[in-house]
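Notes for the structure review
Below, each chain spelled out in residue letters.
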Amino acid sequence: MNNRIDMKGIGKSFFATRALDDVDFSCVAGEVHALVGLNGAGKSTLMKVLGGVYQMDEGRIEKNGQPIEIAVPADAGEAGISMIHQELSLINELTVAGNIFLGRELRKGNTPFLDKAEMARRVKLELDRFGLDLDPNRPVRELNSGEKQIVEIIRALMSNSWLIVMDEPTSALSEEDKGRLFEFIQRMKAEGISIIYISHHMPEIFGIAEHVTVMRDGKIVLSERTAETTEDHVIRTMTGKELENFIKPHKETKGEVILSVSALSKSEDYRDMSFDVHRGEIMVLTGLRGCGAPELAKAIFGLDGEYDGSITYRGQVLKPGRGPAKSVKDGMGLVTENRDKNGILPQLSVRDNIALPFLEKSVKGGIIDSRYVDNVVGKAIADTSTKTESPAQEIRFLSGGNKQKICFSRWLDSDLEFLILLEPTRGIDVHAKADIYRIIEDLAERGVGILILSYEIDEVIMLADRVITLYQGQSISEYRYPNFDKDKMLADMAGVGQSH
Ligand code: ADP
Ligand code: MG
């Protein structure tokens, strides 16, 4: 019979905090079950209840339909449940096999002498079973973090665990080690082992898990087969109110045309693109990666002059390749997709990064008017709810979301008239996303014309007044708020059914 665990009606409070509220959670052998949720959602607490680290206040745990008691970690071990914690618990001075047999060493006959050869042989067999290439006699101190993690898992498997809980296992791993871990996970699954995998990383979850459970505020808010849901839906359930709070303000009015692109072509990149953007309008270009939109955006910002056709801005045809300085002077801004490379200067402070575009404006008689800069910077940080210790903090210590907010905040108090955004929320945590959407809407409200390139269909629909889909450098279709047909857009982006 296949093993299974059912946690039913689990409740757990820490003083006034209701960490777990009537949680039902099940896991069956041979599946990878992803457990996701924002920080503080209750994931670790739930797993610590399962592992006998914490005692639940209410509820029960069943193994194969029979109630079991897990009061201490040894009870969990007895039930075949092991936890791999982020802080690994190996002893550096011992070998791989020595660590795996720690506490239940094999001895030679009835002697007190350790049977190292036999322990190494058994570990080797287990490693071979999972296709892992690791020498059982190597001291653990020589291993990298990926290999150490594997040793921990092998130790759990060799003490007859069928359920392994991994709390954010890839956070410290290189790409290569990640690949190795995923392969190992697939093989464990094939051997009927079950894995509960705590992670925030959607591609990982959708790559290896058949089931995903989402927690929010101590409750289960989604439990679904991964094949039946989407990354986007999971993210949305995870954050709940955050993005629901963002409701696109519906604007009836928009201003005159600020930018007009006419028959723009560049060899392989894009062909015969024509569109207008009005003041106060959010125009979104979307497609698959490689659709040509970033190249087009660069031409508009004056970074590339090798094109045919013309770009008219504020009524004047722009000089091809005029350069970013001229664009900024003319009230045009660009926030790039690769913020660490192009968007920010990592060694500079938050303050100096925000002030970059204003420095010219803030020079009075040859010296920088730092009162002016401080005011602008203070306001920008507040307006974008950027989390930073102080304006003097080096920007490289900020999270991706906060760095991105700074890339935006620079433009908030400038004479900005037109802003180009390349993948505005790429790699950004969901908390920061809603803030960024609000900033974009505020700018549009102020009459700034906005051109966004986004590959995330739900983001496109959430932000756009107008959408142009591109496929292999060509415009396929145009949609206007509120007539967005997501399925049709996706088909257009993929070059399916190009009838119109
Ligand atoms: P997650 O692992 O999803 O980030 P946790 O299970 O660690 O969330 O935390 C859930 C909630 O319980 C949080 O509000 C957290 O502050 C609280 N909590 C967790 N462990 C303890 C503890 N030992 N003492 C007090 N509060 C705790
Ligand atoms: Mg946790």
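**Quick notes on the sheet that holds strand S14 (residues 308–313)**
Read from one edge to the other, the open sheet built from 4 strands follows the order S12-S11-S14-S15, with strand pairing classed as antiparallel. The open sheet has two free edges, formed respectively by strand S12 (270–278) and strand S15 (316–317), since each of these has just one partner strand. As defined by bridge partners, strand S11 (residues 257–266) adjoins S14 across 5 bridges and the pair is classed as antiparallel. Counted as the bridge partner of Leu259 is Tyr313 from S14.

**Some words on the pairing of strand S2 (residues 17–28)**
Side-chain positions along a regular strand alternate between the two faces of the sheet. Note that strand S1 (residues 4–14) and S2 share 8 bridges and pair antiparallel. From the neighbouring strand, Asp6 faces S2, where its bridge partner is Ser26. Linkage of S1 to S2, two consecutive antiparallel strands, is achieved through a turn of 2 residues, within which Phe15 is found at a positive phi near 50°.

**Structural notes on unusual backbone geometry**
At Asn160, a residue that is not glycine, the phi angle is positive and equals roughly 65°. Mapped onto the fold, Asn160 is located in the loop between helix H5 (145–158) and strand S7 (163–167).

**Looking at the site of ligand 1**
Close to ligand 1 lie Phe14, Thr17, Ala19, Leu38, Asn39, Gly40, Ala41, Gly42, Lys43, Ser44, Thr45 and Tyr54. In this structure, an oxygen atom belonging to ligand 1 sits 2.9 Å away from a side-chain N or O atom of Ser44. Between ligand 1 and Tyr54, the relevant distance is 3.2 Å, taken from a nitrogen atom to a side-chain nitrogen or oxygen of the residue. Within the complex, 63% of the 550 Å² of free accessible area of ligand 1 lies under protein. For the shell around ligand 1, the secondary-structure elements that each account for two or more residues are S2 and helix H1 (43–50). A total of 3 residues in the shell around ligand 1 trace back to one element, the largest contributor, which is H1. Across the shell around ligand 1, the residue classes break down as 5 nonpolar, 6 polar and 1 charged.

**So, the nonpolar core**
Formed by 47 residues in total, the largest nonpolar core has its most connected members in Ile153, Ile154, Leu157, Ile164, Phe184, Ile185 and Met188. Take this core: its biggest share by element is 7 residues, from H5.

**Considerations on the sheet that holds strand S19 (residues 418–422)**
With respect to topology, 6 strands assemble into an open sheet ordered S16-S19-S20-S13-S21-S22, the strand pairing being mixed. Strand pairing shows two members of the sheet lacking a second neighbour, strand S16 (332–335) and strand S22 (474–480), which therefore form its edges. Neighbour to neighbour, the strand axes of the sheet diverge by 15° on average, direction disregarded. As paired strands, strand S21 (residues 466–471) and S22 are joined by 6 bridges and run antiparallel to one another. Its bridge partner being in S22, Val467 is matched across the sheet by Tyr479. Against the sheet, helix H15 (residues 400–412) engages S16 and S19, with an angle of about 175° to S16. Of the strands in this sheet, strand S13 (282–286), S21 and S22 touch helix H18 (residues 486–493), which is tilted by about 35° from S21.

**Digging into the domain arrangement of the chain**
As assigned here, the chain comprises domain 1 (4–239) and domain 2 (257–493). With centres defined by C-alpha atoms, the gap from domain 1 to domain 2 works out at 42 Å.

**Describing the pattern of salt bridges**
Scanning the model with the defined rule gives 35 salt bridges in all. Put simply, Lys266 and Asp304 hold a salt bridge, and the shortest N to O gap is 3.0 Å. Separated by 38 residues along the polypeptide, Lys266 in strand S11 and Asp304 in the loop between helix H10 (293–300) and S14 bring together distant segments of the chain.

About the cut-offs
Residues numbered from 1 in each chain as written. Chains lettered and ligands numbered in written order. Predicted model: local features only at pLDDT ≥ 70, side-chain atom pairs only at ≥ 80, totals over all residues. Heavy atoms only, no water. Pairing = 2+ DSSP bridges. Helix = DSSP H or I, 4+ residues; strand = E, 2+ residues; numbered from the N terminus. Near = heavy atom within 4 Å. Polar contact = N/O pair within 3.5 Å; in protein donor to acceptor, adjacent residues only side chain to side chain. Areas by Shrake-Rupley, 256 points an atom, 1.4 Å probe, with all protein chains shown as cover. Nonpolar A, V, L, I, M, F, W, Y, C, P; charged D, E, K, R; others polar. Core = buried A, V, L, I, M, F, W, Y, C linked by side-chain atoms within 4.5 Å. Buried < 20%, exposed > 50% of the residue type's maximum accessible area, 1.4 Å probe, protein only. Axes fitted to C-alpha atoms, helices over the stretch in contact; angles between N-to-C directions. Contact = heavy atoms within 4.5 Å. Domains from an automatic or database assignment. Salt bridge = Lys/Arg side-chain N within 4 Å of Asp/Glu carboxyl O.

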